[in-house]
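Secondary and tertiary structure notes
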Amino acid sequence: MNFQQTELTSQVSETAKKFAEQFIRPHLMEWDETQAFPVHIFKEMGKLGLMGVLVPHEYGGAGMGYFEYNAIIQEISKVCGSVGLSLAAHNSLCTNHILSFGTAIQKNQWLPKLAQGEWIGAWGLTEPNTGSDAGNMQTTAVKQGDEWILNGTKSWITHGISGDLAVVICRTGAPRTSGNSTAFVVERGTTGFSGGKKENKLGMRASETAEMIFDNCSIPDANRLGEVGDGFRQAMKILDGGRLSIAALSIGIAKGAYEAALKYSQERYQFDQPIASFQGISFKLADMATEIMASDLLVWQACDLKARGLSVTKEGAMAKYYASEVAVKTANDAVQIFGGYGYTKDFPVEKYYRDAKLCTIGEGTSEIQKLVISREVLNH
């Protein structure tokens, strides 16, 4: 595998970096404090092609690959994990689900608006009582003529209130049976579809997380993605790619925390010398740098497999698991290096510390990743 960035990857990385510095950094603490979801920022990112990174040109997207996507998510997340998380969910979950399993008609209908940032996407799998236990979901879809009637509640949904369109996995068969769910597209404004409670979160506060409620919501069969009963299989494939997003998000947060700690350790003097000169600090920085590079290499390997059309189930889970845990450890050590200042909102590392934890939970907990990895290891 070639670890040298292509010119395209370098260019899009620099574009994302400049955008984050100019449009996100000045406002990130304001958005964090108020839990404001900055919709206008995503409209602007749409103009740059960042909302449809993986979508082909024919459907209004940027037509790029996972290396470029990884670079973009990292650069945005180095500045603000919340914006990185929302950008990742829009691209890799909602938009990519339609791209992967939609018909040509469905792709033409929905992808251009999503890819250009005209619409913001949501993706609904999780429910209040079924997180990892998705086979027991309670949200149902019942066929009536040429319509499907949806009932139930999805929870912890990124853009559950503000999303213009949602891909929703509903149970269409008996609980805990094989092939018991189906994927549907539901547009905002559809009767019976509404946003519910918005979560008040520890971190990632500018990324909207809310319920989606379906109350006798009627949609045409034309909004069904793929075959009846194929929803869970589709969701697992989407999560394979989505884990690369969370790995990239994790690395971005880790790099942001590390760079802040590195700079501070060289500027902060104690006993007439920079604290970076003390072994207790320099060894923390050495661990950070090593673990971040290892995370980067795991993601690059997974992106390479994805680019070649190969399975990334094991490698994606490894990258997501390791990078997310590294993000938490790096942010924790960054706060320690800052000392008392690290515990205040006047310095950036407390936000990295709060944001990082979500990476070990969202799109499959670290425990679920280890389950996936162990199954892959034992079955091969």
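The structure reproduced in this document is the subject of the present report. (Residues numbered from 1 in each chain as written. Predicted model: local features only at pLDDT ≥ 70, side-chain atom pairs only at ≥ 80, totals over all residues. Heavy atoms only, no water.)

**Regarding the overall build of the protein**
- Looking only at helices and strands, the protein has 11 helices and 10 strands in total.
- In terms of overall dimensions, the protein is globule-like: its C-alpha atoms have a radius of gyration of 21 Å, near the 21 Å expected for 380 residues.
- Dimensions along the principal axes, computed over C-alpha positions, put the protein at roughly 80 × 50 × 40 Å.
- Buried residues in the protein amount to 55% of all 380 residues.
- Of the accessible surface of the protein, which amounts to about 16100 Å², a share of 53% is contributed by carbon and sulfur atoms.
- Once the 36 positive and 41 negative side-chain charges of the protein are each reduced to a mean point, those two points are 2 Å apart. (Helix = DSSP H or I, 4+ residues; strand = E, 2+ residues; numbered from the N terminus. Rg over C-alpha atoms; globule rule 2.2 N^0.38 Å. Buried < 20%, exposed > 50% of the residue type's maximum accessible area, 1.4 Å probe, protein only. Areas by Shrake-Rupley, 256 points an atom, 1.4 Å probe, with all protein chains shown as cover. Lys, Arg positive; Asp, Glu negative; His and termini not counted. Charge placed at Lys NZ, Arg CZ, Asp CG, Glu CD.)

**Remarks on the nonpolar core**
- Ranked by internal contacts, the top residues of the largest apolar core, which has 67 residues, are Ile 24, Phe 42, Met 45, Ile 72, Ile 76, Val 83 and Leu 87.
- For this core, the element with the most residues is helix 7 (residues 231-267), which contributes 13 residues.
- Leaving out residues up to four positions away in the same chain, Ile 76 has contacts with Ala 16, Phe 19, Ala 20, Ile 24, Met 45, Val 83, Gly 84 and Leu 87.
- Counting 25 residues, the second largest nonpolar core, distinct from the first, contains Tyr 59, Cys 94, Leu 165 and Leu 239. (Core = buried A, V, L, I, M, F, W, Y, C linked by side-chain atoms within 4.5 Å. Contact = heavy atoms within 4.5 Å.)

**Quick word on the side chain of Asn 91**
- Considering the arrangement of structural elements, one finds Asn 91 in helix 5 (residues 81-101).
- At a separation of 3.2 Å, a polar atom in the side chain of Asn 91 contacts the main-chain amide nitrogen of Val 53.
- Once you skip the residues sitting within four places of it in the chain, Asn 91 turns out to touch Leu 50, Met 51, Gly 52, Val 53, Tyr 69 and Asn 96. (Polar contact = N/O pair within 3.5 Å; in protein donor to acceptor, adjacent residues only side chain to side chain.)

**A short note on the packing of helix 9 (residues 313-338) against helix 11 (residues 366-378)**
- Helix 11 packs onto helix 9 with a crossing angle of 145 degrees between their chain directions and a minimal axis gap of 9 Å. For the element pair helix 9 and helix 11, the recorded crossing hand is left-handed. Residue-level inspection shows Thr 313, Lys 314, Ala 317, Met 318, Lys 320, Tyr 321, Ser 324 and Glu 325 of helix 9 in contact with helix 11, the latter providing Ser 366, Gln 369, Lys 370, Val 372, Ile 373, Glu 376 and Val 377. (Axes fitted to C-alpha atoms, helices over the stretch in contact; angles between N-to-C directions. Left-handed = near helix turned anticlockwise from the far one by under 90°.)

**Section: the environment of Trp 156**
- Within the fold, Trp 156 resides in strand 3 (residues 147-158).
- For Trp 156, a relative accessible area of 52% gives the class exposed.
- Separated by 23 residues in the primary sequence, Trp 156 and Asp 133 place their C-alpha atoms 14 Å from one another.

**A word on the layout of surface pockets**
- By volume, the largest pocket is sized at about 1200 Å³.
- Every residue lining the largest pocket is counted, 41 residues in all, and those nearest its centre are Thr 126, Ile 361, Gly 362, Glu 363 and Gly 364.
- Elements that contribute at least two residues to the lining of the largest pocket include exactly helix 5, strand 1 (121-124), strand 3, helix 7 and helix 11.
- Element by element, the count of residues in the lining of the largest pocket is highest for helix 7, at seven residues.
- Considering only residue class, the lining of the largest pocket consists of 20 nonpolar, 11 polar and 10 charged. (1 Å grid on protein atoms, 1.4 Å probe; cavity = no way out; pocket = protein on both sides within 12 Å on 5 of 7 lines; lining within 4 Å. Points joined across faces, edges and corners; volume = space filled by probe spheres on them. Nonpolar A, V, L, I, M, F, W, Y, C, P; charged D, E, K, R; others polar.)

**Digging into helix 7**
- Taking 1.5 Å per residue as the helical rise, helix 7 with its 37 residues ought to reach 54 Å, and the 53 Å between its terminal C-alpha atoms agrees with that figure.
- At Asp 240, helix 7 is bent by approximately 30 degrees, the largest bend along its length.
- Counting buried positions over the 37 residues of helix 7 gives 28, a clear majority of the element. (Expected span 1.5 Å × (residues − 1). Bend = angle between axes of the 7 residues up to and from the residue.)

**Some thoughts on the pattern of salt bridges**
- Here the structure, examined in full by the defined rule, presents 20 salt bridges.
- In this structure, Lys 345 and Glu 33 form a salt bridge, with 3.7 Å as the shortest nitrogen-oxygen distance. With Lys 345 in the loop between helix 9 and helix 10 (349-356) and Glu 33 in helix 2 (residues 28-34), this residue pair connects regions lying 312 residues apart in the sequence.
- In this structure, the salt-bridge partner of Lys 345 is Glu 350, at a minimum N-O distance of 3.5 Å.
- You can call Lys 345 partly exposed: its relative accessible area is 44%.
- Overall, the relative accessible area of 8% leaves Glu 350 in the buried class.
- One network of salt bridges, with partners in common, ties together Asp 32, Glu 33, Lys 345, Glu 350 and Arg 354. (Salt bridge = Lys/Arg side-chain N within 4 Å of Asp/Glu carboxyl O.)

**Things to note about the state of the cysteines**
- On inspection of all chains with the given rule, the structure shows zero disulfides.
- With no disulfide of its own, Cys 80 lies closest to Cys 359 among cysteine sulfurs, the gap being 12 Å. (Disulfide = S-S within 2.5 Å.)

**Concerning helix 10**
- Burial within helix 10 is extensive, with seven of its eight residues counted as buried.
- Every buried residue of helix 10 is accounted for by Val 349, Glu 350, Lys 351, Tyr 352, Arg 354, Asp 355 and Ala 356.
- Where helix 10 is buried, its residues contact helix 2, helix 4 (66-79), helix 5, helix 7 and helix 9.

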